[in-house]
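# Structure assessment
Single-letter residue listing:
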Amino acid sequence: MADINIAKSNLERVGFLDVDIDPTIDLFAEIEKLKKEKNAIILAHYYQEPDIQDVADFIGDSLGLAQQAEKTNADIIVFAGVHFMAETAKILNPNKKVLLPDLNAGCSLSDSAPPELFRLFKEKHPDHIVITYINCSAGMKALSDIICTSSNAEKIIESLPKEQNIIFAPDKNLGAYLNKKTGRNMVLWNGACMVHEIFSLEKITKLKIRHPQAKVIAHPECEAPVLAVADFIGSTTALLKYSEKSDAAEFIVVTETGILHQMQKSNPNKTFIPAPPNNSCACNDCPHMKLNTLEKLYLCMEYETPEITMAEDLRLAALKPIQRMLDISKQYGL
Ligand code: 13P
Ligand code: SF4
């Protein structure tokens, strides 16, 4: 193996431990061993590569992952997802070690809402409550009243009086979808996810003509014209459950391609077609999510780095709206 101290000193620059791994070792077996030795749990989002999903203790959507992070007894949480997800786990677990295989695993949606700009925006709407999608930084969470995910956003909005003015940030597509569903007129921040905005309505329509029986299932981060042709709209977990319950044999899946692994695993006789992006790139793969690899996962468990750390005052400010989300979700049985 290369010198671990050199690799650690470079960590800040590259975001992960750049250490050679013996190619003959069985990474799956080693990761299982490390989990037991260190009382570590691996929480993975559906957009992670299949190998990571297969070695995870829990795979879920953003709400499910936050709920697991809240209740785990593990000493180490290894978060196979993006930075805001691992940060949420740390906010909920100040005394646990939270590891992220690659610290550069960010999120374009989170980046579209810098807290210093959002603070000015918020000041212009003093009588508004701020509901913020979990895909944001701890700084944004600290400026929010309630956090939500795509699984609980509707219920969280409906838990507020009809006349309550609301700012919804940072996803304008999810916000517009929720305005339509709830009949509210929330003020929207102008942010978006680079992956969910890349789908081509024209290509989805062409696919639907070739597969007329296929159900179009879409994530609400997609743009309104794409959502308008969907048979079902929901969070990643909701899309997976729909594919399990539905009688349909074919599905056109309009979200990041990672979810297809679980869909195919739990429905071996059904066909899942990833919705195409509007060009020939693989842009329906999230470049941030896919920065994590099985190798980086193994190294971060072995050397317990990179670790998520945070100032305590920021953590406490960000905790309040997350806790409110978890409490409301519990009330609604989510
Ligand atoms: P959910 O898994 O909560 O639906 O979120 C999707 C997403 O884009 C996460 O980055
Ligand atoms: Fe962020 Fe979109 Fe990637 Fe999810 S899919 S992590 S919202 S960039």
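Residues numbered from 1 in each chain as written. Chains lettered and ligands numbered in written order. Predicted model: local features only at pLDDT ≥ 70, side-chain atom pairs only at ≥ 80, totals over all residues. Heavy atoms only, no water.

Moving on, we come to the site of ligand 2. Around ligand 2, the structure places Tyr47, Val82, Cys107, Ser108, Asn135, Cys193, Val195, Glu221, Cys286, His288 and Met289. Of all the cavities here, the one that holds ligand 2 is the largest cavity. Each residue belonging to the shell around ligand 2 can be placed in one class, and the counts come to seven nonpolar, three polar and one charged. (Near = heavy atom within 4 Å. 1 Å grid on protein atoms, 1.4 Å probe; cavity = no way out; pocket = protein on both sides within 12 Å on 5 of 7 lines; lining within 4 Å. Sits in = over half its atoms within 2 Å of the grid points. Nonpolar A, V, L, I, M, F, W, Y, C, P; charged D, E, K, R; others polar.)

This paragraph deals with the environment of Glu223. Relative to the elements of secondary structure, Glu223 occurs in the loop between strand 9 (215-218) and helix 13 (224-228). Apart from the residues lying within four places of it in its own chain, the contact partners of Glu223 are Asn173, His196 and Glu197. (Helix = DSSP H or I, 4+ residues; strand = E, 2+ residues; numbered from the N terminus. Contact = heavy atoms within 4.5 Å.)

One pass over the structure, following the stated rule, counts two cavities of 30 Å³ or more. Each pocket or cavity is described by its volume, and for the largest cavity that value is around 240 Å³. Together, 27 residues line the largest cavity, and Tyr47, Met85, Asn135, Glu221 and Met289 are the ones closest to its centre. When residues of the lining of the largest cavity are traced back to their parent elements, those giving at least two are helix 6 (83-92) and helix 7 (108-111). Here the lining of the largest cavity is built from residues that sort into 11 nonpolar, 13 polar and three charged. Of all the secondary-structure elements, those providing two or more residues to the lining of the second largest cavity are helix 5 (62-71) and helix 6. Residues belonging to the lining of the second largest cavity are distributed by class as follows: six nonpolar, two polar and no charged. (Points joined across faces, edges and corners; volume = space filled by probe spheres on them.)

Another aspect to go through is the pattern of salt bridges. Overall, the coordinates contain 11 salt bridges when judged by the stated rule. Between Lys181 and Glu154 there is a salt bridge; the shortest N-O distance is 3.8 Å. Placement of Lys181 in helix 11 (residues 172-182) and of Glu154 in helix 10 (residues 153-158) is noted, with a sequence separation of 27 residues between them. Residue classification places Glu154 among the partly exposed positions, given a relative accessible area of 28%. For Lys206, the salt bridge is made with Glu202, and the minimal N-O distance between the two is 3.3 Å. Of this pair, Lys206 and Glu202 both sit in helix 12 (residues 201-210), four residues apart, which is roughly one turn of the helix. Beyond isolated ion pairs, a larger network of salt bridges with shared partners links Glu32, Lys35 and Asp57. (Salt bridge = Lys/Arg side-chain N within 4 Å of Asp/Glu carboxyl O. Buried < 20%, exposed > 50% of the residue type's maximum accessible area, 1.4 Å probe, protein only.)

Here the focus is the sheet that holds strand 11 (residues 250-254). Sheets are built from strands paired through backbone hydrogen bonds, the pairs being either parallel or antiparallel. In space, the four strands of this open sheet follow the order 10-9-11-12, with parallel pairing throughout. The two strands at the open ends of the sheet, each matched to only one other strand, are strand 10 (232-233) and strand 12 (271-274). Across the sheet, helix 15 (residues 259-266) touches strand 9, strand 11 and strand 12, and the angle it forms with strand 12 is around 170°. (Pairing = 2+ DSSP bridges. Axes fitted to C-alpha atoms, helices over the stretch in contact; angles between N-to-C directions.)

Let us now look at the environment of Thr24. Take Thr24: it is sitting in the loop between helix 2 (11-14) and helix 3 (27-38). For Thr24, a relative accessible area of 68% gives the class exposed. Among the polar contacts listed, one links the side chain of Thr24 to the side chain of Asp22, at a separation of 2.7 Å. (Polar contact = N/O pair within 3.5 Å; in protein donor to acceptor, adjacent residues only side chain to side chain.)

As a further point, take the site of ligand 1. Taken together, 14 residues are adjacent to ligand 1, and His45, Ser62, Ser150, His219 and Thr236 come closest. Between ligand 1 and Asn135 there is a distance of 3.4 Å, counted from an oxygen atom to a side-chain nitrogen or oxygen. Residue His219 places a side-chain N or O atom 2.7 Å away from an oxygen atom belonging to ligand 1. Starting from 300 Å² of accessible surface for ligand 1 in isolation, the protein chains cover 96%. Given that more than half its atoms are within 2 Å of the pocket grid, ligand 1 belongs to the largest cavity. Along the lines of polarity and charge, the residues of the shell around ligand 1 split into four nonpolar, eight polar and two charged. (Areas by Shrake-Rupley, 256 points an atom, 1.4 Å probe, with all protein chains shown as cover.)

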